[in-house]
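Chains, contacts and geometry: an overview
Each chain, letter by letter, is given below.
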Amino acid sequence: MTSRARRLATFLRVMFPPAFMVPSAIVNVLCIDGALQALAGDATLRYGLRAALCAALVLLFMLLLRVYDELKDVETDLRLGRAGDPRYKDRPIVTGAVQEGDLVLLRNVTLTLLVAAGLALRDPLATGTVAAALGLCWLSSRWFFYPPISRNILLAFVTHNPLSLAISAVVVAAFAGARGPDALGPWTAPLMIGLWAPVAAWEVSRKLRTPAEETDYQTYSKVLGLRAAALIPGAFALLSAACLLGVARAAGLAWPAPAVIGAGAVAVAGAALRLSLAPTPARAAGLRPLVEGFALLANVGLLAALVHARGVSWGP
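Residues numbered from 1 in each chain as written. Predicted model: local features only at pLDDT ≥ 70, side-chain atom pairs only at ≥ 80, totals over all residues. Heavy atoms only, no water.

Turning to the overall build of the chain, a few remarks are in order. Counting its secondary structure elements, the chain contains 15 helices and 2 strands. Relative to the globule expectation of 20 Å for 316 residues, the C-alpha radius of gyration of the chain, 20 Å, shows essentially globular dimensions. Expressed along its principal axes, the backbone C-alpha trace of the chain runs to roughly 55 × 50 × 35 Å. Taken over 316 residues, the chain has a buried fraction of 48%. Taken as a whole, the chain presents about 14400 Å² of accessible surface, with 66% of it coming from carbon and sulfur. Both charge centroids of the chain, one from 28 positive and one from 18 negative side chains, sit 3 Å from each other. (Helix = DSSP H or I, 4+ residues; strand = E, 2+ residues; numbered from the N terminus. Rg over C-alpha atoms; globule rule 2.2 N^0.38 Å. Buried < 20%, exposed > 50% of the residue type's maximum accessible area, 1.4 Å probe, protein only. Areas by Shrake-Rupley, 256 points an atom, 1.4 Å probe, with all protein chains shown as cover. Lys, Arg positive; Asp, Glu negative; His and termini not counted. Charge placed at Lys NZ, Arg CZ, Asp CG, Glu CD.)

Given below as structure tokens:
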């Protein structure tokens, strides 16, 4: 293995662990596509080449966004890491384990694979949606040509976090391209929002700190105050559960899975409320893993319920 390959392997292991990211992309695609099939009235879920290509696209889009973030934040990460910020000092770009040129190569390879996978869908609607999502991702790498975004965490959230919805739209477009736009119903939007909201909750939960823990890095708690900012992940979790409960009911799913998803959302909301009312470093640090667990629960729980209710077949 060459030195560059070793550096890239280190970067992926630390910043984009394949053992977690690959299954996450697969489950997310199977969940979206399966829910769309169930909402369209299919008796059995059917997965094939389209789902495989969509899983590859979602994974590559997530990797591209990770690399774009690394490249545009190099100077900030180096400054925070050298200042001793505990969440940045061990990052590969700070320690020198990966170099900026390595990330440029990874970006170019990822872009090439994304274009190839998008063309392989062989559907104008799906390919056009891939192109649109790529355009939005590229704009995000340039801060949408509005520099104040880079200095305002709230502007960054509003402009960047919904990119997850654009990536989900690729899966929806591939489904519509294969089945026809009429196959999409009124519950498509709640499905997308229900699976995006945990991503939004995670983004906020990982940037919450008590006043004593704050550094030069801009966090939601620094901008909004911890008591207010702490409530946001809980609100997103409850929004996710409300949307997915509606989707589950429209798809005719039995009550256990929706009940578990609802319970997970209540647990996140309760932890967020406790942090808001009585902030402690332990509660601030503990909210993120709880949100990550809920995100996993939302995707896996809905997919498991769909598979249990409809069964699965594999084919082209």
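Having seen the structure, we can now continue with the description.
Before going further, it helps to spend a moment on helix α4 (residues 74-82). Residues separated by three or four positions in an α-helix point in the same direction, a consequence of the helix having 3.6 residues per turn. Every buried residue belonging to α4 is among Val 74, Asp 77, Leu 78, Leu 80 and Gly 81, and all of these are buried. Buried residues belonging to α4 abut α3 (49-72), α5 (92-95) and α6 (100-120). In the segment just after α4, Gly 84 is the residue with positive phi, at about 95 degrees. (Contact = heavy atoms within 4.5 Å.)

Our next topic: the side chain of Arg 91. Its place among the elements puts Arg 91 in the loop between α4 and α5. Every residue in contact with Arg 91, bar those within four places of it in the chain, is listed here: Met 15, Arg 66, Glu 70 and Asp 77.

What follows deals with helix α2 (residues 18-39). Compared with an ideal rise of 1.5 Å per residue, which puts 22 residues at 32 Å, α2 spans 31 Å between its outermost C-alpha atoms and is within 8% of the ideal. Of the residues trailing α2, Gly 41 is marked for its positive phi of about 95 degrees. (Expected span 1.5 Å × (residues − 1).)

Turning next to the environment of Thr 219. Here Thr 219 is to be found in the loop between α10 (188-205) and α11 (220-224). Taking the C-alpha atoms as reference points, Thr 219 and Asn 28, separated by 191 residues in sequence, lie 28 Å from one another. In this structure Thr 219 touches Ile 153, Lys 207, Arg 209 and Glu 214, once residues within four positions along its chain are discounted. At 3.0 Å, the side chain of Thr 219 and the side chain of Ser 221 are in polar contact. (Polar contact = N/O pair within 3.5 Å; in protein donor to acceptor, adjacent residues only side chain to side chain.)

Looking now at the side chain of Ser 276. Considering the arrangement of structural elements, one finds Ser 276 in helix α14 (residues 256-277). Within the structure, the side chain of Ser 276 is placed 2.6 Å from the backbone oxygen of Arg 227, a separation counted as a polar contact. Excluding residues within four positions of it along the chain, Ser 276 makes contact with Arg 227, Ala 230 and Leu 231.

What follows is about the nonpolar core. With 77 residues, the main nonpolar core has Phe 61, Leu 191, Leu 208 and Leu 302 as its most contacted residues. Residue contributions to this core peak at 11 residues, all from α3. Other than its neighbours up to four places away in sequence, Leu 302 contacts Cys 31, Leu 191, Leu 244, Leu 253, Ile 261 and Leu 297. The next biggest cluster of nonpolar side chains, apart from the first, holds 15 residues, and it includes Leu 8, Val 67, Leu 78 and Leu 103. (Core = buried A, V, L, I, M, F, W, Y, C linked by side-chain atoms within 4.5 Å.)

A cluster of nonpolar residues, Leu 105, Val 109 and Leu 113, forms a patch on the protein surface that exposes about 230 Å² of accessible area. Residue classification places Leu 113 among the partly exposed residues on the basis of a relative accessible area of 44%. (Patch = residues over 30% accessible without salt bridge, like charges linked within 9 Å, V, L, I, M, F, W, Y side chains within 5 Å. Salt bridge = Lys/Arg side-chain N within 4 Å of Asp/Glu carboxyl O.)

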